[in-house]
Amino acid sequence: MSTKPSYYITTPIYYVNDVPHIGHAYTTLACDFMARFKRLDGFDVMFLTGTDEHGQKVEKSAEAAGVSPQDFCDKVSARFQDLAGAMNFSNDQFIRTTEERHKLSVQALWTRLMEKGYIYEDKYAGWYSVRDEAFYAEGELIKGEDGEKLAPTGAPVEWVEEPSYFFKLSAFEDKLLELYDADTDFVMPKSRLNEVRNFVSGGLLDLSISRTSFSWGVPVPGAEGHIMYVWIDALANYLTAVGFPDEQGDAYKTYWPADVHMVGKDILRFHAVYWPAFLLAADLPLPKRIFAHGWWTNEGQKISKSLGNVIDPFELIESYSLDATRYFLMREVPFGNDGDFSRSAFVNRCNADLANDFGNLAQRALSMIHKNCDGIMPTPGELTDEDTAILTAIDGLLPVVRNLMDKQAFNKALETIWKQVADTNVYFANAAPWGLKTSDPVRMGTILYVAAEAVRQLAILIQPIAPDAMEILLCQMSIAEEDRAFTCLGTGHRIKAGSSIPKPQGVFPRFQPPEDVE
Ligand code: MSP
């Protein structure tokens, strides 16, 4: 087993009734950013994503497409795996709930809940929304335009009456409230914790956890005709991936409990109420944090297939490059809030931060070394107060950024790094090395050295969000692969004078504003 501290982060598993869009890319990107950061920071990371393939919604979509559910799942799941490749996601596993290992795991969890006395058989009579795969109480429903009953999400509901197994969710009301009070970081952001607390303190009903009116799912052990409710099936994926029910196995012992389950705000209730209740009932350790992020709209409008305004991540990457897409999504909106996607905001943000601020800094410093110092990193002379100040600020950046990343304050972490980029640009402009080639070559070399050292450290820190561009930049600076971890930040690994600097190429393209494209 690794001696490094472990870090287990998960995305929701995606329903295969829909092809991947920007919302799916967003959740996984947030986890990828975090996972890459933690790996570079010395953690043994397990980063899990995958597809949620069972349930009535998927069964109906397969039927509509005229193919078997399994063929349908194979096809759409492959699209999500393609997205992981296209977005350069560094997930360690891609789990599918139709895998045999998952069936065994979720059945073991069921049996455990049964043995502990938390499951009983009865009859369900109530409202169900296939689109949400959720049961709703009468009081939660809203009225549609024609007076029809709708789920609070606006999804259609149907009346369901069938034999069902129930989970004694009501027994966990107090324990859940105690959990939220004892660990206020369990649900983040804070506003979401209050939402969850209010829901639970309003009273919990027992939860129907099996269905008999369709067949696409994991069979309930020893109860013919019963299929598990898709959410108990889906949530258990987080355990399956680390080897459950083998609690003595290396994977389980290393990674469970998970450090963060990243979810969208729409599926918080399942993760912050049902999931901990299942785990408490099964006597299994609870995840350390559920983080609920916000939703993207497109130029002010809700994103939906029927409005035809779905943002295709493959198209974005094609038009704007991968690293710019990754940067924009994580930088533009405070993580946890809703955000509006617009092409002009995208172009402005990426041109300003990537092409201008960081791209130009790197390009100017490196091309001056290439041209004026024969492509050899100069030896610095005596450092001025300005040189020392900029190096000291950069040497101290990691703990500040780490602290923000550990709170999933992704936009703030990037903002902090880019503040340092801006300060380094000011330093460079004031030091004006371009006028010193003949008058004071030693001073020129010192300024270029300091700027290059700043770029080296910034590039190392920027790797988790822009891995492709930073790979190119760090190669251009002759920084070996093994010298790119966060242990190489700070004073201990200064860039080597005498190392060769080939003719640099810009790593961030500049985009045309959308109105100029048409
Ligand atoms: N299958 C369930 C999750 C089971 S986890 C044990 C599911 N799947 S989903 O495909 O419908 O949604 C997955 C994620 O995509 C959710 O976290 C959701 O919030 C996110 N998004 C879907 N549309 C989105 C936006 N427009 N913006 C941001 N994220 C959104 O729910």
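Residues numbered from 1 in each chain as written. Predicted model: local features only at pLDDT ≥ 70, side-chain atom pairs only at ≥ 80, totals over all residues. Heavy atoms only, no water.

(A) Expanded view of unusual backbone geometry. Looking along the chain, the bond that leaves Met188 and enters Pro189 is cis, with omega of -10°. Positionally, Pro189 belongs in the loop between β10 (187-188) and α6 (190-201). The omega torsion of the bond from Phe244 to Pro245 falls at 10°, within 30 degrees of zero and hence cis. The residue Pro245 is located in the loop between α8 (237-240) and α9 (250-255) in this model. Even without glycine at this site, Glu133 takes up a positive phi of about 50°. For Glu133, the position within the fold is in the loop between β5 (119-129) and β6 (134-136). (Helix = DSSP H or I, 4+ residues; strand = E, 2+ residues; numbered from the N terminus.)

(B) Representation of the site of the ligand in the model. Residues in contact with the ligand amount to 23 residues; listed here are only the nearest, Ile13, Asp52, Gly264, Asp266 and Trp296. Here a nitrogen atom of the ligand and a backbone polar atom of Ile13 are 2.8 Å apart. The protein chains hide 94% of the 670 Å² of surface that the ligand would expose on its own. Counting residues per element, the ones that place at least two in the shell around the ligand are β2 (14-15), α1 (22-40), α7 (230-235), α8 and β14 (260-264). Residue composition of the shell around the ligand, grouped by class: twelve nonpolar, nine polar and two charged. (Near = heavy atom within 4 Å. Polar contact = N/O pair within 3.5 Å; in protein donor to acceptor, adjacent residues only side chain to side chain. Areas by Shrake-Rupley, 256 points an atom, 1.4 Å probe, with all protein chains shown as cover. Nonpolar A, V, L, I, M, F, W, Y, C, P; charged D, E, K, R; others polar.)

(C) Highlighting the sheet that holds strand β9 (residues 158-167). Here we have four strands laid out as an open sheet, ordered β6-β5-β9-β11, and antiparallel in their pairing. Where the open sheet ends on each side, the last strands, each with one partner, are β6 and β11 (207-208). Relative to β11, β9 is paired through two bridges, and the arrangement is antiparallel. In the sheet register, Phe167 faces β11, and the bridge partner there is Leu207. Contacts between helix α10 (residues 268-282) and the sheet are confined to β6, β9 and β11, with β9 contributing the most and set at about 30° to the helix. (Pairing = 2+ DSSP bridges. Contact = heavy atoms within 4.5 Å. Axes fitted to C-alpha atoms, helices over the stretch in contact; angles between N-to-C directions.)

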